[in-house]
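Per-entry structural report
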Amino acid sequence: LGPLHTEFDGKGNAYTSMFVSSEIVKWSISDLKVLDRVPTYYSIGHLSIPGGPTAKPHGKYMIGYNKITKDRYLPTGPELTQSAQLYDISGDKMQLILDFPTTGEPHYAEALPASMLMDKQTKIFKIEENAHPYAAKGESQTKVERKGNQVHVWMTAIRSHLTPDNIEGVKLGDEVYFHVTNLEQDWDVPHGFAIKGANNAEILIMPGETQTIKWVADRVGIFPFYCTDFCSA
Ligand SMILES: [Cu+2]
């Protein structure tokens, strides 16, 4: 009851989500016969077979995404945790292999084998190729320069400190630009930067990258700054 979305496995079968009866129905495209049905938990909306909308679906797994699932997990907020199920569809019968909480039912979700991405991902940015005009490619290149009421800080981040880590002479009303270069050249060592009173978003700097955050000195005082990727700086 309540068919919503259909995906294909590339082997002549279609899988349709049924919102009202909370199930997925597998049927044959050639003779429209129902081959199998499995319950979802519950009120399924979209479903995804990795590669489903392509000419060659991967056809091994299927994920059911549910909506307005109210009582399966701890009620932690105004919006309750949603629920999803992973099925093995390699055989004649669909088999539930994982039942897990998730955040909302995606419209629309696609999945693909990790092997298609693993050797193509960027792990770091080479520091010697950093062409950012405010990059500091070593702690010796860090500096603070004033241009009128703008203060530019060439800053570096490396486990576990920021350089410079003490900046004096900023005046009330100054615009301070922190240009932070992450000196790390190792995978998965990002750094962040935040300063007390900043009203723009934090930055997250990948290894070898430079990013800038602007902060206006709108009151007199001492303002702590720190790495938001918790390397202890
Ligand atoms: Cu850090």
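Bear in mind that the values here come from a model prediction, so they are computed numbers and not experimental data.

Procedures and definitions
- Residues numbered from 1 in each chain as written.
- Predicted model: local features only at pLDDT ≥ 70, side-chain atom pairs only at ≥ 80, totals over all residues.
- Heavy atoms only, no water.
- Pairing = 2+ DSSP bridges.
- Helix = DSSP H or I, 4+ residues; strand = E, 2+ residues; numbered from the N terminus.
- Axes fitted to C-alpha atoms, helices over the stretch in contact; angles between N-to-C directions.
- Domains from an automatic or database assignment.
- Buried < 20%, exposed > 50% of the residue type's maximum accessible area, 1.4 Å probe, protein only.
- Contact = heavy atoms within 4.5 Å.
- Salt bridge = Lys/Arg side-chain N within 4 Å of Asp/Glu carboxyl O.
- Core = buried A, V, L, I, M, F, W, Y, C linked by side-chain atoms within 4.5 Å.

1. Remarks on the sheet that holds strand β14 (residues 203–205)
- Strand order across the open sheet formed by three strands is β14-β13-β16, with antiparallel pairing between neighbours. Each edge of the open sheet carries a strand with a single partner, namely β14 and β16 (225–226).
- Here two bridges tie strand β13 (residues 191–195) to β16, and the two strands are oriented antiparallel to one another. Across the sheet, the residue bridging to A194 is Y226, located in β16.

2. Looking at the sheet that holds strand β3 (residues 23–28)
- Strands sit in the order β1-β2-β3-β4 across an open sheet of four strands; the sheet is antiparallel. Two strands in the sheet have a free side with no partner beyond their single neighbour: β1 (3–8) and β4 (34–39). Averaged over neighbouring strand pairs, the angle between their axes works out to 20° when direction is ignored.
- One ladder, built from six bridges, connects strand β2 (residues 13–18) with β3; its direction is antiparallel. From the neighbouring strand, Y15 faces β3, where its bridge partner is K26.

3. Side note on the domain arrangement of the chain
- Taken domain by domain, the chain holds domain 1 (3–113) and domain 2 (127–226).
- Each of domain 1 and domain 2 was reduced to a C-alpha centroid, and the two centroids are 46 Å apart.

4. Considerations on unusual backbone geometry
- Cis geometry is adopted by the peptide bond preceding S160, which originates at R159 and carries an omega value of -10°.
- The topology assignment puts S160 in the loop between β10 (150–158) and β11 (161–163).
- Geometrically, the link from T163 to P164 is a cis peptide bond, its omega value of -5° lying close to zero.
- Mapped onto the elements of the fold, P164 is located in the loop between β11 and β12 (175–182).
- For S22, which is not a glycine, the phi torsion comes out positive at approximately 50°.

5. A look at the environment of I205
- Relative to the helices and strands, I205 is located in strand β14.
- For I205, a relative accessible area of 0% translates into the label buried.
- With residues near it in sequence (within four places) discarded, I205 still touches V180, N182, P190, H191, G192, T210 and Q211.

6. Comments concerning the pattern of salt bridges
- Enumeration according to the criterion identifies ten salt bridges in this entry.
- Measuring nitrogen to oxygen at the nearest pair gives 3.5 Å for the salt bridge that ties E184 to R159. Of this pair, E184 sits in the loop between β12 and β13 while R159 is found in the loop between β10 and β11, placing the two residues 25 residues apart along the sequence.

7. Looking at the nonpolar core
- Grouped together as the largest cluster of nonpolar side chains are 17 residues, with contacts concentrated most on M155, F178, V180, F193, I195 and W215.
- Those elements that place two or more of their residues in this core are β10, β12, β13, β14 and β15 (210–216).
- Once residues lying within four places of it in the same chain are set aside, the contact partners of I195 are F178, W215, F223, P224 and F225.
- Counting ten residues, the second largest nonpolar core, distinct from the first, contains V38, L47, M62 and Y87.

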